Amino acid sequence: MIEVLFVRHGQPVSRVRNPGLAPEGIADARKLATWLRHEQIDAIVASPLARALQTAETVAGGMGREVDLVLEDLREWDDDISPEDYMALEDMAPDDARLTAVRDGRFEEYVPALNLPKFRARARSALEQIFDRYESGRVVAVAHGGIINAAVADVLEMPKTFWHNPAYTSVARVRKLDSGVIIVDSINDTAHLRGTVTV
């Protein structure tokens, strides 16, 4: 059996291209590392985009290890649509159409220019690559809200590609059983952000 812990990156800075983490994002990634210390983690993989890679490096450093693999297919849609500066939801104007879409639960309208079937196929490819490379154990895969949405939607055979807004550093657990069946155990787990963890 292999378990993949999909982690959304920490909160990034806004108004820059390919941003790194804001101080809050670094702090939350450190909390996640502390929370994961009691689990047997066999590998840490990450999207190549700075906000995910920095999250993975912070988590790995907090566990006394390094990132094992940077996986291109875990990247978000940044380069699939016209390049623009990253803007965190927290920094959007109240009347921004993207913020309104998320607030109203119209998640697929957040990036209307994105080729959803192609994006979903890439999310599926990322998960399959992890399963192929690590046949058993527990893998932390630090990625993005869109990729996590798409990968979990694909496992659950959901019609929508984007269907929820994962919290920063939240964890979604997906397992491939020895039978080959893939199941989703949990989504959007933020237990590490609720209070102090002692191990």
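Residues numbered from 1 in each chain as written. Predicted model: local features only at pLDDT ≥ 70, side-chain atom pairs only at ≥ 80, totals over all residues. Heavy atoms only, no water.

Under an unreviewed UniProt entry, the chain has the name Broad specificity phosphatase PhoE and belongs to Williamsia limnetica.

Caption draft 1: Representation of the packing of aromatic side chains within the structure. Applying the stated rule across the entire model yields four aromatic pairs. Where Trp77 meets Tyr110, the ring centres are 6.0 Å apart and the plane angle is 55°; that geometry is what we call tilted. With Trp77 in the loop between strand 3 (69-70) and helix 3 (97-103) and Tyr110 in the loop between helix 3 and helix 4 (116-133), the pair connects residues that are 33 residues apart, well separated along the chain. When its relative accessible area of 14% is taken as the criterion, Trp77 is described as buried. Three or more aromatic residues link up through ring pairs in this structure, and these residues are Trp77, Tyr110, Phe119 and Phe162. (Phe/Tyr/Trp six-rings, centres within 6.5 Å; stacked < 30°, edge-to-face > 60°. Helix = DSSP H or I, 4+ residues; strand = E, 2+ residues; numbered from the N terminus. Buried < 20%, exposed > 50% of the residue type's maximum accessible area, 1.4 Å probe, protein only.)

Caption draft 2: Seen up close, the environment of Leu21. Checked against the element boundaries, Leu21 lands in the loop between strand 1 (2-8) and helix 1 (23-36). Along the chain, Leu21 and Ala50 lie 29 residues apart, while their C-alpha atoms are 7.9 Å from each other. When near neighbours in sequence (up to four residues on either side) are disregarded, Leu21 contacts Gly10, Gln11, Pro12, Val13, Ile26, Arg51, Gln54 and Thr55. (Contact = heavy atoms within 4.5 Å.)

Caption draft 3: Representation of the sheet that holds strand 1 within the structure. With respect to topology, six strands assemble into an open sheet ordered 3-2-4-1-5-6, the strand pairing being mixed. Single-partner strands in this sheet number two, and they are strand 3 and strand 6 (182-189). Where strand 1 lies against strand 5 (residues 171-176), six bridges are found, and the strand directions are antiparallel. Counted as the bridge partner of Leu5 is Arg173 from strand 5. Of the strands in this sheet, strand 1, strand 4 (137-143), strand 5 and strand 6 touch helix 1, which is tilted by about 40° from strand 5. (Pairing = 2+ DSSP bridges. Axes fitted to C-alpha atoms, helices over the stretch in contact; angles between N-to-C directions.)

Caption draft 4: Fine view of empty space enclosed by the protein. Applying the stated rule across the entire model yields one cavity of 30 Å³ or more. As for the largest cavity, its lining consists of Phe6, Ile148, His164, Pro166, Ser170, Val171, Ala172 and Asn188. Taken together, the residues of the lining of the largest cavity sort by class into five nonpolar, three polar and no charged. (1 Å grid on protein atoms, 1.4 Å probe; cavity = no way out; pocket = protein on both sides within 12 Å on 5 of 7 lines; lining within 4 Å. Points joined across faces, edges and corners; volume = space filled by probe spheres on them. Nonpolar A, V, L, I, M, F, W, Y, C, P; charged D, E, K, R; others polar.)

Caption draft 5: The layout of surface pockets, seen in detail. Here the largest pocket defines a volume of roughly 510 Å³. In this structure, the largest pocket is lined by 31 residues; those nearest its centre are Glu76, Trp77, Tyr86, Tyr110 and Val111. For the lining of the largest pocket, the secondary structure elements donating two or more residues are helix 3 and helix 5 (145-155). Its residues placed into classes, the lining of the largest pocket shows 15 nonpolar, eight polar and eight charged.

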